[in-house]
Amino acid sequence: GNTYYDSDKITLGASLKLTYALGACTPYIYVKEANFLADSFSINVKPGVKGNLGSMEWEVAADMNFGSAFTINVPVSFTVAF
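Quantities reported herein were computed from a predicted structural model and do not represent experimental measurements. (Residues numbered from 1 in each chain as written. Predicted model: local features only at pLDDT ≥ 70, side-chain atom pairs only at ≥ 80, totals over all residues. Heavy atoms only, no water.)

1. Re the pairing of strand 3 (residues 43-53)
Next up, step 1: Pairing of strand 2 (residues 25-33) with strand 3 involves eight bridges; the strand directions are antiparallel. Residue pairing across strands places Tyr28 opposite Gly48, the latter belonging to strand 3.
Next up, step 2: Where strand 3 and strand 5 (residues 63-66) come together, three bridges link them in antiparallel fashion. Following the sheet pairing, Ile43 is matched in strand 5 by Phe66.
Next up, step 3: One ladder, built from six bridges, connects strand 3 with strand 4 (residues 56-61); its direction is antiparallel. (Pairing = 2+ DSSP bridges. Helix = DSSP H or I, 4+ residues; strand = E, 2+ residues; numbered from the N terminus.)

Written out as structure tokens, the structure is:
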């Protein structure tokens, strides 16, 4: 068949983040596909939750990457406002 594009030069990706506020916590899911036109499959899925405890904001997530290899990271962050 004919190929009308060079996948090395064209990138078509998308990302989506859905959040839902539940009182002091906000669960979310983030999904990102960097390049639908690439020969190999690769997608990033990151479910997480963030919230406040007084003047401290916290966030924890499971950052998962699916593709030729599966990886998972669990970033945790704390921010204090002065």
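Still more ground to cover, so stick around.
2. Concerning the confidence of the model for the chain
Next up, step 1: Chain-level pLDDT for the chain is 88 on average; 90% of the residues reach the 70-or-more range.
Next up, step 2: Here strand 1 (residues 14-19) stands out as the element of the chain with the lowest mean pLDDT, 94, in contrast to strand 6 (residues 71-73), whose mean of 96 is the highest. (pLDDT = per-residue confidence, 0-100.)

3. Let's talk about the environment of Glu33
Next up, step 1: Relative to the elements of secondary structure, Glu33 occurs in strand 2.
Next up, step 2: With 37 residues separating them along the chain, Glu33 and Phe70 place their C-alpha atoms 15 Å apart.

4. Considering a nonpolar patch on the surface
Next up, step 1: On the surface, Phe41, Phe66, Phe70, Ile72, Val74, Val76 and Phe78 cluster together into a nonpolar patch covering about 720 Å² of accessible area.
Next up, step 2: Structurally, Ile72 can be placed in strand 6. (Patch = residues over 30% accessible without salt bridge, like charges linked within 9 Å, V, L, I, M, F, W, Y side chains within 5 Å. Areas by Shrake-Rupley, 256 points an atom, 1.4 Å probe, with all protein chains shown as cover. Salt bridge = Lys/Arg side-chain N within 4 Å of Asp/Glu carboxyl O.)

5. Comments concerning the environment of Ala34
Next up, step 1: Position of Ala34 relative to the elements: it lies in the loop between strand 2 and strand 3.
Next up, step 2: Since its relative accessible area comes to 48%, Ala34 is described here as partly exposed.
Next up, step 3: Contact partners of Ala34, with chain neighbours within four places excluded, come to Thr11, Leu12, Gly13 and Ser42. (Buried < 20%, exposed > 50% of the residue type's maximum accessible area, 1.4 Å probe, protein only. Contact = heavy atoms within 4.5 Å.)

6. Section: the side chain of Asn35
Next up, step 1: For Asn35, the position within the fold is in the loop between strand 2 and strand 3.
Next up, step 2: Since its relative accessible area comes to 15%, Asn35 is described here as buried.
Next up, step 3: At 3.3 Å, the side chain of Asn35 forms a polar contact with the backbone nitrogen of Leu12. (Polar contact = N/O pair within 3.5 Å; in protein donor to acceptor, adjacent residues only side chain to side chain.)

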